[in-house]
There are 2 protein chains.
Amino acid sequence: MSSEPLKLALLQEFDHGSVAANLAAIDRGVHRVASEGAQLVLLQELHNGPYPCQSEDTKVFDRAEPIPGPSTERIGSLAKELDLVIVASLFERRATGLYHNTAVVFDRSIEICGIYRKMHIPDDPGFYEKFYFTPGDLGFTPIQTSVGCLGVLLCWDQWYPEAARLMALAGAEILLYPTAIGWDPADDSLERHRQLEAWTTVQRGHAIANGIPVAACNRIGIETLPDHTQGIRFWGSSFVAGPQGEMLAQAGVDQPEIVLADVDLRRSEKVRRIWPFLRDRRIDAYSDLLKRYRD
Amino acid sequence: MSSEPLKLALLQEFDHGSVAANLAAIDRGVHRVASEGAQLVLLQELHNGPYPCQSEDTKVFDRAEPIPGPSTERIGSLAKELDLVIVASLFERRATGLYHNTAVVFDRSIEICGIYRKMHIPDDPGFYEKFYFTPGDLGFTPIQTSVGCLGVLLCWDQWYPEAARLMALAGAEILLYPTAIGWDPADDSLERHRQLEAWTTVQRGHAIANGIPVAACNRIGIETLPDHTQGIRFWGSSFVAGPQGEMLAQAGVDQPEIVLADVDLRRSEKVRRIWPFLRDRRIDAYSDLLKRYRD
């Protein structure tokens, strides 16, 4: 492990209206953070288009892309050109009628270093992901890169301590969450505050419980359906927290923003020595975690 | 479930110097919160004496008490007299040379309603609990009372998402943590801030991940060994948070304090409908949670 801190960049963006425009914005952002010394870049969930799941519409599957494919070649080229590790997020077309919500990691090469298929799939009004995404079948497996062992998860996974723990138990040195989460315009300001605070708190909790840093990159902007019957205001607030859950950097709620943070992966060793939670897990008494409910 | 909010009281106290003086302080506090309408009272961890584990000393086992015994009779009498549910915390002498760190719940009766024996046992400088406490053998089983199904856990358990999840899966409607946690006087102010913030954050995270409220009652005061070679400054900060992790009430760091909060247990139904985390758990992919490490 490097004795230097890892320079991590998050690109918080809105939807620019087309795959080409979104990839061009990523290209600009990645060049910029590379010039500022970033080694690892985390993109937001499904960054190539608007959030696709606000309604159930078979035509939306046309947006899905093969992996590998043109988008992975484009982003992999950036990783190679700029000597970066990049975590991308794509709507994967795996086979006819079989789609996933998939993160793709590049390690300073056009070749794909590893992928993660979203394991926990949400479904609630405006987020009809169960219609689109087949639950992941690769389990909770971190991806080894030249900058560290990355526990890449996706959005809804961030509410599950099980996912974070399984990544940590497999050696993940940092948790990374490409995300697309926002407010229902019908929610009042108190509910909005509680939701945003809950979102950061639960992820900071994963950092603490596992003694590793965490970062989430979320989109911003108001996205509506063509008939304007629904809409989501994505709340941005992309952040990086350390292994005690301490906030290292955070973006605002309504602007494209680059978050840059120095993350000292070696600090986990020190933190886990004073808070050795992995030592004391009662694995003899956890078997009911494999049940839906203990009734 | 009652349509009225549950009035919960936490008694944050220092060590008064003797079992008799500590029980007298509890008696006064419980009478006071009963007069203010409390229905459920949460006491701090091992409230009958100073925190016993700052050194390893066989004489300290003399402080352990049988359950049932004089202390449970005293506290049970209060529960009966004042028509209260009380969560107490005792150094249990179970058999010759067999001791536990045990929570005891009374439900408006002198009879014991249920007990929980601390499952996760810490051990670090100043907190030599592995010397004193045999790990609990009753599992993570909530205790049903007239005010709700209580997920009673103890201190070090609060760092374990597994414990909170198992309680929630067994029907716990609220998580309750009697606690004794504090700062090492050698830690600087930034480290103190990170530790206290981590402590509240990880527990608020359990509330969020499970959609149920959480409360922790911690002691205050500086406690030193007789030879003054060591000491802990217990940081108080007892708190109650709702099912989205939102802080409902919190005490300060250095005074005895009563925390009173109205907790609407029915709100969990609403919160879990919008954030149905229990629905989407990938129990098919969690089996490695039963491993010490995935190597």
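Read on for a plain summary of the structure. (Residues numbered from 1 in each chain as written. Chains lettered and ligands numbered in written order. Predicted model: local features only at pLDDT ≥ 70, side-chain atom pairs only at ≥ 80, totals over all residues. Heavy atoms only, no water.)

1. A look at the relation of the copies chain B and chain A
What relates the two chain copies is a rotation about an axis together with a slide along it. Of the transformation superimposing chain B on chain A, the axial component is 0.0 Å and the angular component is 180°, with the fit at an RMSD of 0.0 Å. Here the transformation between the copies is reduced to the relation of a two-fold axis. When each C-alpha of chain B is compared by its distance to the rotation axis, Gly205 of chain B comes out closest, at 2.7 Å. (Least-squares fit on C-alpha atoms with pLDDT ≥ 70 in both.)

2. As for the packing of aromatic side chains
Within the structure shown, the criterion is met by 42 aromatic pairs over all chains. Plain terms: the ring middles of Tyr286 of chain A and Phe140 of chain B are 6.2 Å apart, the flat faces sit at 35° to each other, and that makes the pair tilted. Here Tyr286 of chain A, found in the segment after α6 (267-274), pairs with Phe140 of chain B, found in the loop between α3 (129-132) and β6 (143-145), and the two come from separate chains. Residue Tyr286 of chain A shares its accessibility class with Phe140 of chain B, and that shared class is buried. Three or more aromatic residues link up through ring pairs in this structure, and these residues are Phe61, Phe91, Tyr99, Phe131, Tyr132 and Phe133 of chain A. The positively charged end of Arg219 of chain A is found above the aromatic ring belonging to Phe234 of chain A, 5.5 Å away from the centroid. (Phe/Tyr/Trp six-rings, centres within 6.5 Å; stacked < 30°, edge-to-face > 60°. Helix = DSSP H or I, 4+ residues; strand = E, 2+ residues; numbered from the N terminus. Buried < 20%, exposed > 50% of the residue type's maximum accessible area, 1.4 Å probe, protein only. Lys NZ or Arg CZ within 6 Å of the ring centre and 35° of its normal.)

3. A word on the environment of Glu173 of chain B
Residue and element names in this part refer to chain B. Mapping Glu173 onto the fold places it in the loop between α4 (161-169) and β8 (174-179). Judged by its relative accessible area of 17%, Glu173 falls in the buried class. Here Cys149 takes part through its backbone nitrogen, which lies 2.6 Å from a polar atom of the side chain of Glu173. (Polar contact = N/O pair within 3.5 Å; in protein donor to acceptor, adjacent residues only side chain to side chain.)

4. A few points about the interface of chain B and chain A
Across the contact, 56 residues belong to chain B and 56 residues belong to chain A. Taken together, the links from chain B to chain A amount to eight salt bridges. Linking chain B with chain A are 40 residue pairs in polar contact (both at pLDDT 80 or more), by the criterion used here. Elements with a minimum of two residues in the side of chain B that touches chain A: α4, α5 (189-210) and α6 (267-274) of chain B. Sorting elements by how many residues they give to the side of chain B that touches chain A places α5 of chain B first, with 11 residues. Its residues placed into classes, the side of chain B that touches chain A shows 29 nonpolar, eight polar and 19 charged. (Contact = heavy atoms within 4.5 Å. Salt bridge = Lys/Arg side-chain N within 4 Å of Asp/Glu carboxyl O. Nonpolar A, V, L, I, M, F, W, Y, C, P; charged D, E, K, R; others polar.)

5. Regarding the nonpolar core
Of all hydrophobic cores here, the largest spans 120 residues; its most connected members are Trp159 of chain A together with Trp159 of chain B. Ignoring anything within four residues of it in the chain, the contact list for Trp159 of chain A reads Ile181, Gln195, Ala198, Trp199, Val202 and His206 of chain A together with Arg165, Ile208, Ala209, Trp275 and Phe277 of chain B. (Core = buried A, V, L, I, M, F, W, Y, C linked by side-chain atoms within 4.5 Å.)

6. Points about the sheet that holds strand β9 (residues 182-183) of chain B
Residue and element names in this part refer to chain B. Across the sheet, which stays open at both edges, the three strands sit in the order β9-β12-β11 with antiparallel pairing between neighbours. The open sheet has two edge strands, β9 and β11 (220-224), and neither has a second partner. For β11 and strand β12 (residues 231-235), the ladder comprises five bridges, and the chain directions are antiparallel. Bridging across to β12, Gly221 finds its partner in Phe234. (Pairing = 2+ DSSP bridges.)

7. Brief notes about helix α2 (residues 70-82) of chain A
All names here are of chain A. An ideal rise of 1.5 Å per residue puts 18 Å on 13 residues; α2 measures up with 18 Å between its terminal C-alpha atoms. Turning to α2, the residues buried within the fold contact α1 (19-35), β3 (85-95), β4 (98-107) and β5 (112-117). Backbone geometry just after α2 places Asp83 at a positive phi near 60°. (Expected span 1.5 Å × (residues − 1).)

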